[in-house]
Amino acid sequence: MTEPVAGIVLIEDDPQIRRFLVAALEIHGYAPHEAATAAEGQRQVTMRQPDLVILDLGLPDLAGLDLIKRLREWYTRPILVLSARTQEHDKVAALDCGADDYLTKPFGIEELLARLRAALRHLAGQHPGNAGGRIEAGSLLIDAAARRVLKQGTDVHLTPREYQLLLALASQRGKVLTHRQLLREVWGPAHVESPHYLRIYMRALRAKIEDDPARPRWLLTEIGIGYRFADDD
Amino acid sequence: MAAEHTDARPDPDVLLQRVQREASAAARGHLKIFFGASAGVGKSYAMLEAARKQATAGIDVVVGYIELHGRAETEALLEGLQILPPQRLQHRGITLAEFDLDAALLRRPALLLVDELAHTNHAGARHAKRWQDVVELLDAGIDVHTTVNVQHVESLNDVVAQITGVRVRETVPDSVFESADEVELIDLPPDDLIGRLHEGKVYLPEKARHAVDAFFRKGNLIALRQLALRATADRVDAAMREYREHHAITGTWAAGERVLVCVGPDALSEQLVRRARRLSNSLHGEWLAVYVETPQLQHLPQAARDRVLRTLKLAESLGAQTDNLSGEHVAEELLNFARQRNVSKIIVGKPMRTRLRDRLRPNLVDALIRSSGDIDVLVVTSEPGAAVAAMPRLPRRNSRRPAYLKGLVAVLLATMLCAALFRVLEPTNLVMIYLLAVVWVAARYGRGPSVLATVTSVALFDFLFVEPYFSFAVSDTQYLLTFVVMLTVGLTISNLTAQGRRRAAVARHRERRMRSLNALSSELARERSRESLVEVLRRHILRAVGGQAAVLFPDATGHLQDADFFCTRGHAPPPGQTWFPVPGNDLGIAQWAYDHQRNAGLGTDTLASADAVYLPLKALQRCIGVLGLRPREPRQLQVPEQMHALDAMVNQAAIAIERVELATTARNAGIEVESERLRNAMLSSISHDFRTPLATIIGAATTLLSDAPAGIDEAHRRTLLQSLLAEAERLHRLSGNLLDLSRFDAGGPRLKREWLAIDELIGAALAQLRDALGQRPLRIDLAPDLPLFPGDETLIGQLLINLIENAIKHTPAGSAIEVAAQADADWLHVAVRDRGPGLPAGDTQRLFEKFRRGRTEDAQSGFGLGLSIARAIVLAHGGQISAQARAGGGAEFAFTLPLHRAEQPGDD
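What counts and how
Residues numbered from 1 in each chain as written. Chains lettered and ligands numbered in written order. Predicted model: local features only at pLDDT ≥ 70, side-chain atom pairs only at ≥ 80, totals over all residues. Helix = DSSP H or I, 4+ residues; strand = E, 2+ residues; numbered from the N terminus. Buried ≥ 20, exposed ≤ 12 C-beta atoms within 10 Å, placed from the backbone. Contact = placed C-beta atoms within 7 Å. Expected span 1.5 Å × (residues − 1). Pairing = 2+ DSSP bridges. Axes fitted to C-alpha atoms, helices over the stretch in contact; angles between N-to-C directions. Parallel < 35°, antiparallel > 145°, perpendicular 65-115°, else oblique. Left-handed = near helix turned anticlockwise from the far one by under 90°. Nonpolar A, V, L, I, M, F, W, Y, C, P; charged D, E, K, R; others polar. Core = buried A, V, L, I, M, F, W, Y, C linked by C-beta atoms within 7 Å. Domains from an automatic or database assignment. pLDDT = per-residue confidence, 0-100. Arc of directions from axis to C-beta.

**As for the overall build of chain B**
So, step 1. A tally of regular secondary structure across chain B gives 29 helices and 24 strands.
So, step 2. The proportion of buried residues among the 908 residues of chain B is 34%.
So, step 3. Sequence-distant contacts in chain B: of pairs separated by 6 or more residues, those separated by 24 or more amount to 71%.

**Here's the deal with the overall build of chain A**
So, step 1. When helices and strands are tallied, chain A shows 8 helices and 13 strands.
So, step 2. Here chain A holds 233 residues, and the buried ones make up 38% of them.

**Remarks on helix α28 (residues 793–809) of chain B**
So, step 1. Here α28 of chain B spans 24 Å end to end across 17 residues, near enough to the 24 Å set by a 1.5 Å rise per residue.
So, step 2. The buried fraction of α28 of chain B is high, at 14 of 17 residues.

**Observations concerning the sheet that holds strand β1 (residues 31–36) of chain B**
All names here are of chain B.
So, step 1. Pairing is parallel in the open sheet, where 6 strands are placed in the order β3-β2-β6-β7-β1-β8. This sheet does not close on itself; its edge strands, each paired only once, are β3 (82–83) and β8 (182–186).
So, step 2. Here helix α3 (residues 43–56) sits on the sheet in contact with β1, β2 (61–65), β6 (111–114), β7 (143–149) and β8, set at roughly 165 degrees to β7.
So, step 3. Packed onto the sheet, helix α6 (residues 130–139) meets β1, β6 and β7 and runs at close to 155 degrees relative to β7.

**Some words on the packing of helix α6 (residues 160–170) of chain A against helix α7 (residues 179–186) of chain A**
Residues and elements named next belong to chain A.
So, step 1. Following both chains from N to C, one finds α6 and α7 inclined at 130 degrees, their axes separated by 10 Å at the closest point. In terms of orientation, α6 lies oblique with respect to α7. For the pair α6 and α7, the sense of crossing is right-handed. Note on element contacts: α7 touches α6 through L182, E185 and V186, opposite R161, Q164, L165 and A168.
So, step 2. For the contact of α6 with α7, the residue count by class is 4 nonpolar, 1 polar and 2 charged.

**Some thoughts on the sheet that holds strand β17 (residues 623–630) of chain B**
Residues and elements named next belong to chain B.
So, step 1. The 4 strands are arranged β14-β17-β16-β15 in an open sheet whose pairing can be described as antiparallel. At either end of the open sheet lies a strand with only one pairing partner, and these are β14 (548–552) and β15 (600–601).
So, step 2. Pairing between β14 and β17: 5 bridges, direction antiparallel. Looking across to β17, one finds that Q548 is bridged to R630.

**A few points about the interface of chain B and chain A**
So, step 1. With 24 residues of chain B at the interface, the matching set in chain A holds 17 residues.
So, step 2. Looking at the side of chain B that touches chain A, the elements that each hand over two or more residues are α25 (714–745), β18 (753–756), α26 (758–768), β19 (778–782) and α28 of chain B.
So, step 3. With 8 residues, the single largest contributor to the side of chain B that touches chain A is α26 of chain B.
So, step 4. Class assignment of the residues belonging to the side of chain B that touches chain A gives a composition of 13 nonpolar, 5 polar and 6 charged.

**Brief notes about the nonpolar core**
Burial of nonpolar side chains together is a common tendency in soluble globular proteins.
So, step 1. Counting residues in hydrophobic clusters, the biggest one holds 73 residues, and the most contacted among them are V261, A289, V626 and A653 of chain B.
So, step 2. In terms of residues, this core owes the most to one element, helix α24 (residues 640–705) of chain B, which gives 8 residues.
So, step 3. Inspection of this core shows a minimum of three residues originating in each of domain 2 (258–380) and domain 4 (530–668) of chain B.
So, step 4. Once you skip the residues sitting within four places of it in the chain, V626 of chain B turns out to touch L552, L560, A590, A593, Y594, Y614, L615, P616 and L617 of chain B.
So, step 5. Counting residues in each nonpolar core, the second largest holds 56 residues, with V9, Y30, V53 and F229 of chain A among its members.

**Brief notes about the environment of T381 of chain B**
Residues and elements named next belong to chain B.
So, step 1. Mapped onto the secondary structure, T381 falls in the loop between β13 (376–380) and α17 (401–421).
So, step 2. The exposure class assigned to T381 is exposed, which follows from the 11 C-beta atoms found within 10 Å.
So, step 3. Between the C-alpha atoms of T381 and G349, which are 32 residues apart in sequence, the distance is 5.9 Å.

**Observations concerning the packing of helix α2 (residues 38–48) of chain A against helix α3 (residues 64–72) of chain A**
Residue and element names in this part refer to chain A.
So, step 1. In the contact formed by α2 and α3, the axes pass within 11 Å of each other and the chain directions differ by 20 degrees. As the angle between them shows, α2 and α3 are arranged roughly parallel. The hand of the α2/α3 crossing is right-handed. The segment α2 lies against α3, with A38, G41, Q42 and V45 engaging L67, R70 and L71.
So, step 2. Of the residues belonging to the contact of α2 with α3, the class tally is 4 nonpolar, 2 polar and 1 charged.

**Concerning the pairing of strand β24 (residues 891–898) of chain B**
Residues and elements named next belong to chain B.
So, step 1. Where strand β22 (residues 827–834) meets β24, 7 bridges bridge the pair, whose relative direction is antiparallel. Bridged to W827 within β24 is P898.
So, step 2. Where strand β23 (residues 880–885) and β24 come together, 6 bridges link them in antiparallel fashion. Bridge pairing links Q884 to E892 in β24.
So, step 3. Hairpin connection between β23 and β24: a loop of 5 residues separates the two successive antiparallel strands, and G888 in this loop has a positive phi of roughly 85 degrees.

**Notes on the pairing of strand β8 (residues 140–143) of chain A**
Residues and elements named next belong to chain A.
So, step 1. Alternating positions in β8 separate cleanly, L140 and I142 being buried on one face and L141 and D143 remaining unburied on the opposite face.
So, step 2. Pairing of strand β7 (residues 134–137) with β8, which is carried by 4 bridges, proceeds in the antiparallel orientation. If you follow A137 over to β8, its bridge partner there is L140.
So, step 3. Between β7 and β8, which follow one another and run antiparallel, lie 2 residues, and G138 among them has a positive phi close to 60 degrees.
So, step 4. Taken together, the 4 bridges between β8 and strand β9 (residues 148–151) define a ladder with antiparallel strand orientation. Bridge pairing links L141 to L150 in β9.

**Considerations on the environment of W287 of chain B**
Residue and element names in this part refer to chain B.
So, step 1. Here W287 lies in strand β10 (residues 286–293).
So, step 2. The spacing of W287 and A276 is 11 residues in sequence and 7.5 Å in space, taken between C-alpha atoms.
So, step 3. The residues touching W287, leaving out its near neighbours within four places in the chain, are R258, V259, V261, A276, R277, S280 and A320.

**Digging into the confidence of the model for chain B**
When pLDDT drops low, the exact placement of atoms in the prediction is not to be read closely.
Residues and elements named next belong to chain B.
So, step 1. Confidence in the prediction of chain B, expressed as mean pLDDT, is 77, and 82% of residues score 70 or more.
So, step 2. Below pLDDT 50 for its whole length, residues 249–255 participates in 8 contacts with residues either more than four positions away or in separate chains.
So, step 3. In this model, residues 384–398 is a region of pLDDT below 50 whose contacts with residues beyond four sequence positions or in other chains number 14 contacts.

**So, unusual backbone geometry**
So, step 1. Geometrically, the link from K105 of chain A to P106 of chain A is a cis peptide bond, its omega value of -10 degrees lying close to zero.
So, step 2. In this structure, P106 of chain A sits in the loop between β5 (101–104) and α5 (109–124).
So, step 3. Its identity is not glycine, yet E116 of chain B carries a phi of approximately 55 degrees, on the positive side.
So, step 4. The class of E116 of chain B is buried, set by 22 C-beta atoms lying within 10 Å.
So, step 5. The phi dihedral of Q597 of chain B falls on the positive side, at around 55 degrees, and the residue is not glycine.
So, step 6. Under the C-beta neighbour-count criterion, Q597 of chain B is labelled exposed, with 12 such atoms within 10 Å.

**Quick word on α7 of chain A**
Residues and elements named next belong to chain A.
So, step 1. Along α7, the positions that sit buried rather than exposed are H179, L182, L183 and V186. Buried residues along α7 cover an arc of 100 degrees about the axis, so they all sit on one side.
So, step 2. Among the residues trailing α7, G188 stands out with phi positive, at a value near 100 degrees.

Here it is, written out as structure tokens:
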């Protein structure tokens with residue numbers, strides 16, 4: 001592990017999951033601190049100023065959403081949300097409230113680690129592929145300074161909205177953006193309730209960018225939640 | 001031979017009646033009447049004495065109500081008996097004491113004493129008459145002792161009134177008197193009674209003293225005593241007869257006599273009814289009372305119609321079956337009815353007509369006698385002194401005036417034509433022209449105008465065309481014949497047409513009724529739910545009588561629900577306020593009607609103070625509810641015919657509702673069996689499908705933790721961990737599926753519809769299944785420009801995942817999977833195809849049922865829930881799902897989803 005040891009606060013009420021997560025995180029070189037309740041979690045976050053917070057949505061003393069809102073009043077680093085299957089509708093709300101990513105229980109540790117890495121990279125400010133206003137993903141190159149998109153070295157012609165959409169996703173690589181967030185960013189706050197725009201533009205964008213639009217490599221759909229620009233290379 | 005044979009045997013109908021009577025008698029209370037010739041003979045005293053004996057014998061005796069009239073001897077007898085406190089009724093500020101029926105029913109003694117059976121209850125009591133209270137007590141199985149004076153027996157009421165000159169209004173129907181199990185005559189010789197009277201031992205109200213003095217004359221008392229003795233003797237005779245019948249003593253099986261009495265709108269009818277009652281009683285037969293409504297009678301004034309209804313009601317209370325007939329000819333209708341009902345005697349009143357009219361028109365009596373055949377016709381005269389109300393004349397109808405005028409115009413035209421042809425035609429042929437006019441008027445405008453036309457024609461013809469002209473004198477007597485013929489023809493034709501018209505009217509009336517009943521039954525047959533059946537019934541009832549109707553159904557405990565059916569079900573009331581909320585008081589009446597399966601409320605004997613009538617919905621097996629009806633014209637309920645029509649409608653509806661309810665019960669039973677089967681299937685499925693992975697998990701984990709002497713080498717450790725993971729994932733899938741399923745079962749999924757792109761969702765589903773798919777060849781076949789479709793993103797994603805997962809699960813690793821999507825005008829078509837072993841033979845839709853797998857005990861586990869969830873999702877979106885075998889091997893699971901293209905959103 002060449003990365004510095006990242007401090008993580010884990011707020012989760014189930015002791016078994018806590019035990020497994022703490023063990024797994026320690027094995028992989030992180031420094032986790034556990035909290036079983038929202039109050040305890042809040043105290044830990046304030047005290048330790050961790051690099052990242054892992055938060056379970058179903059806490060006994062305070063709704064996860066409310067905790068996110070409270071933390072977001074001052075805490076700017078990534079928040080990763082864990083949710084059970086019955087709380088699917090809460091995931092979108094959590095992301096809209098300011099959570100950075102989510103994981104649905106049960107999950108494999110590889111999946112968790114990938115999300116952690118993505119979030120921490122984001123915290124570090126740069127994805128290895130994103131440098132100097134240039135975003136590289138495989139054969140794809142987005143040159144934000146020049147407002148150009150190249151695929152295998154060839155110019156891809158995008159409409160302004162397609163470009164804005166692609167840039168919104170690619171500039172936050174690995175992070176899930178909800179429909180609302182994307183609509184607000186690309187179309188403006190008046191259009192947050194029109195997700196069909198996204199479907200149409202995403203289809204057009206994939207047709208221009210992806211090798212196989214039916215099985216996209218970069219522009220990933222998170223069913224029921226939103227979109228994500230693939231993080232891996 | 002055959003006749004002899006049947007003579008020796010009891011009539012089966014009679015036998016059946018007796019069996020039914022005995023069956024109901026077994027559960028019924030025992031009624032004993034202490035019967036006397038007049039007040040003061042000591043009935044109450046005798047009743048109390050008998051009660052004391054019973055009480056000493058250990059029987060639970062309660063005094064329900066007793067009139068002491070301040071008699072000390074009687075009061076002394078009450079000593080030691082439990083007395084039920086009377087209920088206090090408030091009536092116009094006065095508190096009235098009344099027998100408390102409900103308290104008695106609640107107390108349920110073995111024997112209850114209720115004095116004065118003929119008493120009329122005060123307003124506010126449940127029944128109008130005390131004898132109705134007693135009938136209810138008997139029905140409830142309580143024995144009752146009561147007292148009755150001879151003048152209170154309905155059918156003897158007239159006779160007593162004739163003897164004593166005093167008519168009592170409080171009467172007991174003969175049927176109640178006769179149904180008494182025991183009648184004990186309390187006899188006191190008239191001299192003794194007068195003696196008691198003088199000693200002040202008989203209670204006499206002060207203000208009635210004068211009338212009472214007249215009543216208690218010795219002659220009256222002798223006559224009353226004779227009547228009482230005879231009535232008792234008749235009962236003894238009846239009991240004897242019954243005994244003989246019961247023991248099949250031959251020779252007493254005379255055919256039952258049936259007496260039919262015809263009532264009219266005159267005041268004599270009431271007497272006629274009482275006479276019929278006495279006659280039928282002495283013949284030990286049944287009797288019927290009918291009113292024949294002819295078209296003329298349809299225009300009777302209200303008062304006369306009401307009298308008819310009252311008379312029929314009286315007959316009913318005296319035990320007659322009543323009916324309303326309608327027809328042109330009274331005699332014909334009566335005889336038809338009589339033959340249908342096997343009537344042996346018809347009673348009619350002697351007509352009160354002037355001699356002239358009698359001569360001119362055949363009267364009912366003549367007509368009846370002429371065609372009565374083997375039916376006896378008894379003509380009864382009015383009793384002397386009885387009030388004879390003159391038949392009110394029909395009001396003249398002014399609306400006929402134009403008809404008369406038009407008749408005259410026709411005659412005038414005929415005259416003009418005659419004048420024109422006067423020189424050409426013989427006068428006898430001119431008559432033909434007039435005749436033509438008269439015939440036309442008669443056919444067109446009926447009798448009145450035709451008579452006028454005839455007379456005018458004759459006059460004009462005589463005046464203008466018969467010598468000497470311009471004079472009514474007739475020179476040739478043969479013209480008199482002409483006049484007579486003209487008059488006769490005119491009258492005959494007008495009579496014929498009028499008759500025809502009336503017949504048509506009667507036929508129309510009948511047809512209308514039949515049609516409405518038919519319409520009701522066919523409408524009822526079409527409906528499948530109780531709500532709609534009730535609505536049909538209400539519509540028809542309201543069409544028939546108008547006003548407002550409500551239907552009440554009982555809850556599980558047999559209590560009618562206290563709000564209107566349409567309110568409780570959240571139905572909007574039908575327009576025009578044709579429903580009404582049943583007020584709290586009325587609910588009790590409705591409940592009574594339901595419990596006793598008898599009509600109650602307005603226009604009935606029970607709780608008549610209500611403003612609605614409550615008819616029980618009697619079906620084949622039980623009473624299923626109550627119809628409340630607040631008719632626009634309460635009088636309509638008095639018309640027996642109308643009530644019969646209502647009853648018929650209510651019965652039809654009740655049977656239809658029962659049919660629907662039985663069907664529902666049967667269906668629910670079926671559902672229960674099915675859900676029981678499902679529960680069992682699920683339990684065995686869960687126990688199998690959960691235990692298998694758990695066994696692996698626990699086994700692998702314990703192996704890893706165990707202290708193996710040689711340690712666990714890396715390869716084994718990995719294998720164990722992999723199987724741990726795989727089985728845990730399998731459990732995850734199962735629990736996820738179960739969770740989804742329970743969500744669908746709890747009232748179906750709530751869809752969060754958005755416009756979705758199927759290509760995107762297919763891509764996302766494949767991405768989620770990337771690990772499971774491994775290196776399988778995958779073919780994705782998407783039509784270009786697939787339209788968006790409305791759906792729930794999560795659910796459609798789940799649907800695709802389930803179908804693809806199903807394909808992965810049931811095909812060998814490495815075999816290809818295809819996903820295809822295309823659209824036509826209205827539908828999106830999606831298919832997931834594989835090259836696996838195909839589908840089991842049989843109904844492929846069964847694959848989508850819960851807890852079913854293509855092959856039993858498949859190595860692949862998973863409840864088979866994935867497909868049933870897939871189907872639930874597709875159905876919730878209004879689509880179809882199917883499975884079929886592919887040509888060349890493998891299976892295809894295909895679904896369609898509606899595109900709703902018309903609502904497609906435009907882009908930016």
